[in-house]
Amino acid sequence: MAKQYETVIGLEVHVELATRTKIFCGCSTAFGAAPNTHTCPVCTGMPGSLPVLNKQVVEYAMAIGLATNCRITRVCKFDRKNYFYPDNPQNYQISQLYLPIARDGYVEIETGGTKKKVRIHEMHMEEDAGKLVHDEWDDTSLVDYNRSGVPLVEIVSEPDMRSAEEVIAYLEKLRQIIQYLGASDCKLQEGSMRADVNLSVREAGSSRFGTRTEMKNLNSFKAISHAIEGERERQIELLEEGKAVIQETRRWDDNKENSYAMRSKEDAQDYRYFPEPDLVPIVISDEWIQAVKSRQPELRTEKLERYKKEFDIPQYDAEIITESKSMADLFEAAAAICKKPKKVSNWLMVETMRLMKEHGMEPEDLRFSPENLAKLIDLADAGVINSSVAKEVFEKVFAEDVDPKQYVEEHGLKTVHDEGTLRTTLEKVIADNPQAVTDYRNGKEKALGALVGQTMKAMKGKANPGMVNQMLREMLE
Ligand SMILES: [Zn+2]
């Protein structure tokens, strides 16, 4: 019988914090600026420059630690992690090794109806590196230091996950908590959330861990899933052939669906860590923790509770909507404007979800405003447009955030309520479809549907279906 293997996965998740300025200087953290415009002597590692810690970084890190059930370290400090790389101008990174800000937490995940705790080993604060841009045409590499010194927290899990599904559930949970806290936007594509996957396999039932590899450069949930499946298969193959897995860092190429070795994996001693002499230790008092706790915004569980009391929407809808803070924000804002929470929830649950799926979008990618969704609901409710036109207009709202009122006006999409116009069209449809008319009169109810369809087509979808139905029946009697 073939051997059974178990996959053991631990994650290192880097999250860029949403501070306006960098961790040790006053430079902006805004994404997408021209290269090297958000820099100063501190974040480009000029000799003699000195770091000054951004207090907001500590507070965001504390907030994330508290929300993930960690113990906050009362006296924590920074250490230097020494390594040479062009994106790292100081030749060391200011990070935390000995006394990280938070330890021993957990988050609860749910997969296939089963709940499970994934333990968090520790969480530390550090600075991000710059970005190398490789120009293959010119055969050169350029460096942009805008990202150098952007604050990060690194959240290190215990090796508690056993499948790609659990990993994704864990990442989604972290992202949800951090977004709710407002501590980061957690965009994988823009790199404000990045995951390194440590993976090993072992024979099922064994209590010893196998040799692990680390995979970097994973910037979507899809890439993470693929990388896990690919690496699991690669390691099992090696073991089946009696070969050893080498402890190393591998880079996953999602286009080639393959990983390749980058370098042998370093241990902490390779970095020659030592206490950062330019920064004083951070002493965290009970009062400070209390203050951070009291400023904590409404998290998902509380929001769900409130929705139950405030809005008459199904529990299932409330759960889906509150899964993402940006979706919940959109819902609440639109409901506040049109005062029809149930309708807003329907539009989000059905049409929005359908289009998001079609375009492979996340709730954070939604670009339409709550105002325009509310306007569309009002138009449909007042009978200005019928439901199929409303769906058509919504696609425009979804894609371009058009003003539905203006759009309906400009494209002549208002439902025709004029009985005279409708009667003329109906007379023509009746005259053109004698067979369907006979069928209906002989008791075939279905034939009426065909006539309604013809009428809607003739009216370019702008008739009121209820009115068409009623008038047709009357005219055919
Ligand atoms: Zn700077």
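For clarity, every value in this text was computed on a predicted model and none was experimentally measured. (Residues numbered from 1 in each chain as written. Predicted model: local features only at pLDDT ≥ 70, side-chain atom pairs only at ≥ 80, totals over all residues. Heavy atoms only, no water.)

*Asks:* I'd like to hear about the overall build of the protein chain, residue by residue, with values.
*Replies:* When helices and strands are counted, the protein chain shows 15 helices and 16 strands. In terms of C-alpha radius of gyration, the protein chain reaches 29 Å, well past the compact-globule figure of 23 Å for 477 residues. Each principal axis of the C-alpha distribution contributes one length, and for the protein chain these read about 90 × 60 × 55 Å. Here the contacts in the protein chain between residues at least 6 apart in sequence split such that 70% fall between residues at least 24 apart. (Helix = DSSP H or I, 4+ residues; strand = E, 2+ residues; numbered from the N terminus. Rg over C-alpha atoms; globule rule 2.2 N^0.38 Å. Contact = heavy atoms within 4.5 Å.)

*Asks:* Tell me about the packing of helix α5 (residues 300-310) against helix α7 (residues 325-338), residues and numbers included.
*Replies:* Between α5 and α7, the least distance of the axes is 12 Å, while the angle of their chain directions is 25 degrees. By the criterion of interaxial angle, the relationship of α5 to α7 is roughly parallel. As for how α5 packs across α7, the hand of that crossing is left-handed. Together, Lys303, Arg306 and Tyr307 of α5 and Ala328, Phe331 and Glu332 of α7 make up the contact between the two elements. The residue inventory of the contact of α5 with α7, partitioned by class, reads three nonpolar, no polar and three charged. (Axes fitted to C-alpha atoms, helices over the stretch in contact; angles between N-to-C directions. Parallel < 35°, antiparallel > 145°, perpendicular 65-115°, else oblique. Left-handed = near helix turned anticlockwise from the far one by under 90°. Nonpolar A, V, L, I, M, F, W, Y, C, P; charged D, E, K, R; others polar.)

*Asks:* Outline the pattern of salt bridges, supporting the account with residue identities and numerical values.
*Replies:* Under the criterion given, the structure shown has 40 salt bridges. Of the charged contacts in the structure, one is a salt bridge between Arg234 and Glu231, with a shortest N-O distance of 2.9 Å. Placement of the pair is Arg234 and Glu231 together in helix α3 (residues 221-240), with a separation of three residues, close to one helical turn. A relative accessible area of 23% means that Arg234 is categorised as partly exposed. Its relative accessible area of 0% is what places Glu231 among the buried residues. One network of salt bridges, in which partners are shared, links Glu298, Lys303, Arg306, Glu310 and Glu332. (Salt bridge = Lys/Arg side-chain N within 4 Å of Asp/Glu carboxyl O. Buried < 20%, exposed > 50% of the residue type's maximum accessible area, 1.4 Å probe, protein only.)

*Asks:* So what's going on with the sheet that holds strand β5 (residues 92-95)? Which residues, and what values?
*Replies:* Overall, antiparallel pairing links the three strands, which are arranged β5-β4-β15 in an open sheet. Because the sheet does not close on itself, it has two edges, and the strands there are β5 and β15 (274-275). In this sheet, β15 lies alongside strand β4 (residues 79-82) in antiparallel orientation, the contact comprising two bridges. Bridge pairing in β15 places Asp79 opposite Pro275. (Pairing = 2+ DSSP bridges.)

*Asks:* Tell me about the coordination of the zinc ion, and please be specific about residues and values.
*Replies:* Protein-derived ligands of the zinc ion are Cys25 (SG), Cys27 (SG), Cys40 (SG) and Cys43 (SG), with the metal-ligand distances lying across 2.3 Å. Coordination at the zinc ion comes from four donor atoms whose angles at the metal span 101 to 115 degrees, giving a geometry best classed as tetrahedral. All donors of the zinc ion come from a single chain, and their spacing in sequence reads C-x1-C-x12-C-x2-C. With Cys25 in the loop between β1 (5-16) and α1 (55-67) and Cys40 in the loop between β1 and α1, the pair connects residues that are 15 residues apart, well separated along the chain. By the burial criterion, Cys25 is buried, and Cys40 matches it. (Donors = N, O, S within 2.8 Å, 3.2 Å for Na, K, Ca; no water. Tetrahedral: all angles 85-135°; square planar, octahedral: opposite > 155°, others 65-115°.)

*Asks:* Let's hear about the pairing of strand β8 (residues 131-135): which residues, and what values?
*Replies:* In this structure, β8 lies alongside strand β9 (residues 140-144), joined through five bridges in antiparallel fashion. Considered in β9, the bridge of Leu132 is made with Val143.

*Asks:* Break down the nonpolar core for me, citing the residues and quoting the values.
*Replies:* A general feature of soluble globular proteins is that nonpolar side chains tend to end up buried together. Among the nonpolar cores identified, the biggest contains 111 residues, and Ile101, Met125, Ile155, Tyr170 and Ile224 are the most heavily contacted of them. The element that contributes the greatest number of residues to this core is helix α2 (residues 164-181), accounting for 11 residues. Counting 19 residues, the second-largest nonpolar core is a separate cluster that includes Leu426, Val429, Tyr440 and Met471. (Core = buried A, V, L, I, M, F, W, Y, C linked by side-chain atoms within 4.5 Å.)

*Asks:* I'd like to hear about the sheet that holds strand β14 (residues 258-264), residue by residue, with values.
*Replies:* Within the open sheet, the nine strands sit side by side as β2-β6-β7-β10-β1-β11-β12-β13-β14. Their pairing is mixed. Two strands in the sheet have a free side with no partner beyond their single neighbour: β2 (71-72) and β14. Contacts between α1 and the sheet are confined to β2, β6 (102-111), β7 (114-127) and β10 (151-157), with β7 contributing the most and set at about 165 degrees to the helix.

*Asks:* Describe in detail the packing of helix α9 (residues 370-381) against helix α10 (residues 387-400), supporting the description with residues and values.
*Replies:* Where α9 meets α10, the axes come as close as 11 Å, and the angle between the chain directions of the two elements is 170 degrees. It follows that α9 is roughly antiparallel to α10 by the angle criterion. On the side of α9, the interface is formed by Asn372, Leu373, Leu376 and Ala380, while α10 contributes Ala390, Val393, Phe394 and Val397. Within the contact of α9 with α10, the residues separate by chemical class into seven nonpolar, one polar and no charged.

*Asks:* I'd like to hear about the side chain of Thr111, residue by residue, with values.
*Replies:* By the element assignment, Thr111 lies in strand β6. Contacts of Thr111, omitting those with residues within four sequence positions, involve Glu165, Glu166 and Ala169.

*Asks:* Can you explain a negative patch on the surface? Please cite residues and give values.
*Replies:* A cluster of acidic side chains, namely Glu108, Glu110, Glu172, Glu319 and Glu323, defines a negative patch on the protein surface. With respect to the helices, strands and loops of the structure, Glu319 is situated in helix α6 (residues 315-322). Assessed through its relative accessible area of 32%, Glu319 is described here as partly exposed. (Patch = residues over 30% accessible without salt bridge, like charges linked within 9 Å, V, L, I, M, F, W, Y side chains within 5 Å. Areas by Shrake-Rupley, 256 points an atom, 1.4 Å probe, with all protein chains shown as cover. Lys, Arg positive; Asp, Glu negative; His and termini not counted. Charge placed at Lys NZ, Arg CZ, Asp CG, Glu CD.)

*Asks:* Account for the confidence of the model for the protein chain, with residues named and values stated.
*Replies:* When the pLDDT values of the protein chain are averaged, the result is 90; 99% of them are 70 or greater. The lowest-confidence element of the protein chain is β14, averaging 76 in pLDDT; the highest-confidence one is β10, averaging 97. (pLDDT = per-residue confidence, 0-100.)

*Asks:* Which residues make up the pairing of β4, and what values do they have?
*Replies:* One ladder, built from four bridges, connects β4 with β5; its direction is antiparallel. When the bridges of β5 are listed, Lys81 appears paired with Gln93.

*Asks:* Lay out the side chain of Ser200 in plain terms, naming residues and giving numbers.
*Replies:* With respect to the secondary-structure elements, Ser200 resides in strand β11 (residues 193-203). Beyond its immediate stretch of four places on either side in the chain, Ser200 contacts Glu6, Thr7, Val8, Gly210, Thr211, Arg212 and Gln235.

*Asks:* Outline the environment of Pro297, supporting the account with residue identities and numerical values.
*Replies:* By the element assignment, Pro297 lies in the loop between α4 (286-294) and α5. It is 26 Å that separates the C-alpha atoms of Pro297 and Lys343, two residues lying 46 residues apart in sequence.

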